[in-house]
Amino acid sequence: MSQKTNIAVEVKGLAKNYGAVRALNAIDLQIGAGEYFVLLGPSGGGKTTLLRLIGGFIRPTAGEIYLHGNEVSDLPPNGRPTSMVFQSFALFPHMNVATNVGYGLRLQSMPKAEISERVDAMLEMVGLTGYGMRMPHELSGGQQQRVQLARSLVLEVKILLLDEPLAALDAKLRKDMCIELKRIQEKVGITFVHVTHNQEEAMTVADDLAIISAGDLVEVGKARDLYENPVRRFTADFIGENNIFDGQITDTDDTTTTVDLGYARISVNNHGQKASVGEKAAVSVRSELLQLVDADTATSDGLQIMPGEHRETVYLGLTTSELVRLPDGNEIMVRRLSGGTDARKIDAGEAVQVGWRTEDGRLHLS
Amino acid sequence: MQDDYSSIWGYRLKWLYTLLIVVTLMAPVFYVMYISFNENGFGARHYEFTFDWYVVIFSDLLLLESFANTLVLAAITVVTVVPMGLIAAKHYKITRYPVAVVSLMLSPLFVPADILGSALLVFFKNLNKAFTALGETLGVSWFDTWFDLGYFSAIVGLIIYTLPYVFVVILITMARYKEQQTEAARSCGATAWQAFWHIEFPQIRAGIFSACSFTVILTFNEYTRTSLLKGGYDTFTGVLVSQMLNEGMSEQSYAMSSMVSYIAIGVIGSIILLTLVRAEQLERVARAKAEPVGA
């Protein structure tokens, strides 16, 4: 049994199978108390399965779950110090907002006056003062999610689980609600475990992130670290607009590894990773760190260069993307802020060179 | 394909057709009601309006007793079969083998009433023989009448008969219910029973009530299985059939049948009316909300 009391959620060897289908492979994960933790990954990857296992809605096939140091693997949802906010609006349609929010308190046989007081306080926190008598069908999508949030927070649980809570909202509302969720979490100070497939949403709210795909825990870390220095190739591919070059290692030492792409050789800081000559590897560079350089610029220790053919310029408002085809046929993206004075019009088919600083490349051995 | 509503006559013809079907279905019932007020009874040349036959009901002990017997059978069947159907419907929603569950639950519908009744008759007779023999072996007489034909065997037959219908009616109602609401209740601290009683049941109780009503109607309607498994002619349908076969239905039987119809139509009609009124209220509220706010 885990002895760490500053860990809110700990899972050890947690797995879930549905017949022959492995929804979750043996996962070990720790979530700190008071964190806003996000489970991010593609649809069908196992993030919701993991969340529902933590919440007690499904039984694990193997492994253990600890919440604040207590093993809860065999406990039902109502026996765990958790509450959940669902993707589709799980408000009780036959109850008004106040009754919805106060439902859990009534189950605790709390006096009516106290329930009313706590419900009012919670509605004020989520910005729904005066909405107590409304019915769920009279609320907008964002309002319904706030009521769900209030209903969970009023119980003063230690861990709040959120299963893609913003997926059904439009883009503008989703952005506003992200900030709202973060504000509320910082105010109440409890652990939030939030599932999403939307990386912008994840980056907005997360203190820490876990990338889950195909039932595996790919990588865990701070949101900024996963964005700027992902260790796994999958993470680099999933988070941010990264360009990934696959090749084979031809040379390596304690600090620098050289990767042969076939049409070019590039060097990258390996940050102490143990690479072997002949091993397959990938190098990723964020699209905003690539630049189109002059034709006479050569590869140096400080700068990595590769040739390409300009395909298209895509204007996206804040940024403009230049699509470049490499000699092996793959396309990469060079992103810059729109409206720069040094930007020139490049014709489709024009030969170009793409460059980046050596320290901006990241080596991925898996 | 042409929109029918572009032709007003097409629209009217559709309504007329629907009305004709309803009239065809309900005509026998209305005719029985009409006869029940005739002092001279069924087939008489002259019609004289009277309430007398409704009064005579309460002095016809055979009719009253048969009605009471059937009501008891209906009540016991309802309290047994509706929970069974509900549990089966809930299992259907979570099972990985829904086709198997539906097939099993609906299988009694594919066995004709007389075959099922006869099979159950043989089953209970053999069961009775076996338990009597067991009692004789043990030297006791406890088991002698356990499976005699009577209320118990009739109720078993009625449960088998009504369970498929109850299952389907409840399943249709539960189709709109989202399981996430049960999970939400559980995550608020509710036990499985509390989640069902506070959250799910209020939303499916219309279906539960419909299933109860349907079971009562089916029980009153049932003749073959009940006759075989209960014996005698002391159920409501049994008395009516017996009268029809022998001396013709008595006038108070028409009155009693009409009363049952008034109750059934009244209950169902009220539910439909309330539902329509409520829907109209909700639509008015929604329309009011949709209108732009004045400056």
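Per chain, the residues get numbers from 1 upward, laid out in the order the sequence is written. All chains are assigned letters beginning at A, and all ligands numbers beginning at 1, according to the order in which they are written. With pLDDT at 70 or above as the cut-off, local features in this predicted model cover only qualifying residues; side-chain atom pairs require 80 or more to be listed or tallied, and sums for whole chains, interfaces and linings still use all residues.

**Some thoughts on the overall build of chain B**
Right, so step 1: In this text, helices come from DSSP runs of H or I with a minimum length of four residues, and strands from runs of E with a minimum of two, each type numbered from the N-terminal end. Across its full length, chain B holds eleven helices and zero strands.
Right, so step 2: The secondary structure elements of chain B, listed N-terminal to C-terminal, are α-α-α-α-α-α-α-α-α-α-α.
Right, so step 3: The C-alpha extent of chain B, read off along each of the three principal axes, is 90 × 65 × 40 Å.
Right, so step 4: Here a residue counts as buried when 20 or more other C-beta atoms fall within 10 Å of its C-beta, as exposed when 12 or fewer do, and as partly exposed in between; the C-beta atoms come from the backbone. The 295 residues of chain B split such that 26% are buried.
Right, so step 5: By the convention adopted here, residues are in contact when the distance between their C-beta atoms, placed from the backbone, does not exceed 7 Å. Contacts spanning at least 24 positions in sequence make up 71% of the contacts within chain B whose residues lie at least 6 apart.

**Quick look at unusual backbone geometry**
Note: most peptide bonds trans; most residues except glycine with negative phi.
All names here are of chain A.
Right, so step 1: One non-glycine residue, Ala-214, lies in positive phi territory at about 50 degrees.
Right, so step 2: With respect to the secondary-structure elements, Ala-214 resides in the loop between β9 (208–213) and β10 (216–222).
Right, so step 3: Ala-214 gets classed as partly exposed once you count the C-beta atoms within 10 Å, which come to 15.
Right, so step 4: With phi around 50 degrees, His-271 is a residue other than glycine that occupies positive phi space.
Right, so step 5: For His-271, the position within the fold is in the loop between β13 (265–269) and β14 (280–286).
Right, so step 6: The exposed category is assigned to His-271, around which 12 C-beta atoms lie within 10 Å.

**Some words on the sheet that holds β14 of chain A**
All names here are of chain A.
Right, so step 1: We treat two strands as partners when DSSP finds at least two bridges between them. Reading across the sheet, the five strands line up as β13-β12-β11-β14-β20 and stay open at both edges, with antiparallel pairing between neighbours. Pairing within the sheet leaves two strands with one partner each, and these edge strands are β13 and β20 (362–364). The mean angle between the axes of side-by-side strands here comes to 45 degrees, regardless of whether they run parallel or antiparallel.
Right, so step 2: Pairing of strand β11 (residues 242–252) with β14 involves seven bridges; the strand directions are antiparallel. Each residue of the ladder has a partner; that of Asp-246, found in β14, is Ala-282. Geometry is summarised by axes, namely lines fitted to C-alpha atoms with helices restricted to the contacting stretch, and by angles between N-to-C directions that run from 0 to 180 degrees.

**Notes on the interface of chain A and chain B**
Right, so step 1: With 19 residues of chain A in contact, the opposing surface of chain B contributes 14 residues.
Right, so step 2: In terms of residue class, the side of chain A that touches chain B is built from ten nonpolar, eight polar and one charged. For this classification, Asp, Glu, Lys and Arg are treated as charged, while Ala, Val, Leu, Ile, Met, Phe, Trp, Tyr, Cys and Pro are nonpolar and the rest, including Gly, are polar.

**A look at the domain arrangement of chain A**
Right, so step 1: Here chain A is described as being made up of domain 1 (7–228) and domain 2 (241–287 + 304–364).
Right, so step 2: Domain start and stop points were drawn from an automatic or database domain assignment. The gap between the C-alpha centroids of domain 1 of chain A and domain 2 of chain A is 38 Å.

**Re the pairing of strand β17 (residues 319–325) of chain A**
Where a strand is regular, its side chains alternate between the two sheet faces.
Residues and elements named next belong to chain A.
Right, so step 1: Pairing analysis gives six bridges linking strand β16 (residues 303–315) to β17, with the strands arranged antiparallel. Among the inter-strand pairings, His-310 is bridged to a residue of β17, identified as Val-324.
Right, so step 2: Between β16 and β17, which follow one another and run antiparallel, lie three residues, and Gly-317 among them has a positive phi close to 90 degrees.
Right, so step 3: Alignment of β17 against strand β18 (residues 331–337), held across seven bridges, turns out to be antiparallel. Bridged to Ser-321 within β18 is Arg-335.
Right, so step 4: Between β17 and β18, which follow one another and run antiparallel, lie five residues, and Gly-329 among them has a positive phi close to 95 degrees.

**A closer look at helix α5 (residues 171–188) of chain A**
Residue and element names in this part refer to chain A.
Right, so step 1: Multiplying 1.5 Å by the helix residue count minus one yields the expected span of that helix. With 18 residues, α5 ought to run about 26 Å at 1.5 Å a step, and its terminal C-alpha atoms sit 26 Å apart, in line with that.
Right, so step 2: Every buried residue belonging to α5 is among Arg-174, Met-177, Cys-178, Leu-181 and Gln-185, and all of these are buried. End-on view of α5: buried residues confined to an arc of 115 degrees, all on one side of the axis. Residues of α5 that are exposed and angled more than 90 degrees away from the buried face: Lys-172, Asp-176, Ile-179, Arg-183, Glu-186 and Lys-187.
Right, so step 3: Tucked inside the fold, the buried residues of α5 contact β3 (36–40), α4 (141–153), β8 (191–196) and α6 (199–205).
Right, so step 4: Downstream of α5 by one or two residues, Gly-189 has phi in the positive range, about 80 degrees. Our arc is simply the arc of the directions from the helix axis toward the C-beta atoms.

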